[in-house]
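# Results of the structural survey
Chain by chain, the residues:
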Amino acid sequence: MTEVVAALIWNGNRFMACQRPAHKARGLLWEFVGGKVEPGETKQQALIRECREELDVTIAVDDVFMEVTHEYPDLTVHLTLFHASIAEGTPKLLEHNDIKWITTAEIDQLAFCPADQEILERLKVQ
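About the thresholds
- Residues numbered from 1 in each chain as written.
- Predicted model: local features only at pLDDT ≥ 70, side-chain atom pairs only at ≥ 80, totals over all residues.
- Heavy atoms only, no water.
- Salt bridge = Lys/Arg side-chain N within 4 Å of Asp/Glu carboxyl O.
- Helix = DSSP H or I, 4+ residues; strand = E, 2+ residues; numbered from the N terminus.
- Buried < 20%, exposed > 50% of the residue type's maximum accessible area, 1.4 Å probe, protein only.

Okay, the pattern of salt bridges next. In total, this model carries 12 salt bridges according to the counting rule given. A salt bridge links Glu-31 to Arg-20, with the nearest nitrogen and oxygen atoms 3.0 Å apart. Within this pair, whereas Glu-31 is found in strand E3 (residues 30-31), its partner Arg-20 is found in the loop between strand E2 (14-19) and E3, the two being separated by 11 residues in sequence. Arg-20 shares its class with Glu-31; the two are buried. Between Glu-53 and Arg-49 there is a salt bridge, with the nearest N and O atoms lying 3.2 Å from each other. Taken together, the residues Glu-53 and Arg-49, both in helix H1 (residues 43-55) and 4 residues apart, mark about one turn of the helix. When its relative accessible area of 44% is taken as the criterion, Glu-53 is described as partly exposed. Several salt bridges converge on common partners, so that one network encompasses Glu-41, Arg-49, Glu-50 and Glu-53.

Structure (structure tokens):
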């Protein structure tokens, strides 16, 4: 199983959604920013590193919002989604195809990765 972390970053009543690069697995689907936990890292350290690598921002990691396990045809992920905020910097497209700030009412307008569906359903009812 692959340990994956992601950030639920809010800006007012909108949260950040990132579109995966076309050349990667699940290309052009939307997701929360994040990535794999490397050996020797805590989940929080991994999330800070991934946000720096992918968006050129420094984040403050808060509590866990939700954890899900999802089986894709090519891998099984255990995803931990943390509440987080941008402490420094402005998000840049270093890896993603696009970034959007969306409301929970706009979730269904974007095609998200299957692993995120359970999280998105919870966000819709908050």
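Right, let's get into unusual backbone geometry. Phi at Arg-26 is positive, roughly 55°, even though this residue is not glycine. Position of Arg-26 among the secondary structure elements: in the loop between E2 and E3. For Arg-26, a relative accessible area of 23% gives the class partly exposed. One non-glycine residue with positive phi stands out, namely Asp-56, at about 60°. Looking at where Asp-56 falls in the secondary structure, it is placed in the loop between H1 and strand E5 (58-71). With relative accessibility at 36%, the residue Asp-56 sits in the partly exposed group.

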